[in-house]
Amino acid sequence: AKKSTPGAIALPESAPSLRVVSVAGEDVPMNPRSSYDPVDLQIDTGEAAVFEIEASNIPLGTVVQLTLTSEMGEAPVAFESTPLAGLPESSTATASTLIPHGYSRFRVEATWE
């Protein structure tokens, strides 16, 4: 039997995309690994951190849902962004929350009809 490795899948330009581009002024890597070792981003401000969000091909006005999960075993924290604004092919939003000390992971998603 012959085995092969699947190649990259090219998404159409009209495919929706959503990503956090910075947290507390620190750039998020283009392809974050969501790993604790090494970390993608190190933030220790003790203050609410602002999340800068970019989207494309997601309806304007959509509110982005973010979830913070701490490695400390605390309950996940859900928070929302401002509505997406700009152009349908290039929109932005912001959100903010307090990031606890220690390691945390974030999930970002948008739902629309």
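Everything numeric in this text was worked out from a predicted model, so none of it was measured.

Cut-offs applied
- Residues numbered from 1 in each chain as written.
- Predicted model: local features only at pLDDT ≥ 70, side-chain atom pairs only at ≥ 80, totals over all residues.
- Heavy atoms only, no water.
- Pairing = 2+ DSSP bridges.
- Helix = DSSP H or I, 4+ residues; strand = E, 2+ residues; numbered from the N terminus.
- Salt bridge = Lys/Arg side-chain N within 4 Å of Asp/Glu carboxyl O.
- Buried < 20%, exposed > 50% of the residue type's maximum accessible area, 1.4 Å probe, protein only.

Further remarks concern the sheet that holds strand S3 (residues 48–56). Strand order in this open sheet of five strands is S2-S1-S3-S7-S6, and the pairing throughout is antiparallel. The open sheet has two free edges, formed respectively by strand S2 (26–27) and strand S6 (85–87), since each of these has just one partner strand. Here strand S1 (residues 17–23) pairs with S3 via six bridges, running antiparallel. Bridge pairing in S3 places valine 23 opposite phenylalanine 51.

What follows covers the pattern of salt bridges. Tallied over the full model, the rule gives one salt bridge. Measuring nitrogen to oxygen at the nearest pair gives 3.1 Å for the salt bridge that ties glutamate 109 to arginine 107. Accessibility expressed as a relative area gives 33% for glutamate 109, which makes it partly exposed.

In this section: unusual backbone geometry. Here alanine 24, not a glycine, exhibits a phi torsion of approximately 55°, which is positive. Residue position: alanine 24 is located in the loop between S1 and S2. According to the relative accessible area criterion, alanine 24 is partly exposed, its value standing at 34%. With a phi angle near 60°, asparagine 57 is a residue other than glycine that sits in the positive phi range. Relative to the helices and strands, asparagine 57 resides in the loop between S3 and strand S4 (63–70). Using a relative accessible area of 28% as the deciding quantity, one classes asparagine 57 as partly exposed.

Function cannot be inferred from these measures alone, as they are strictly geometric.
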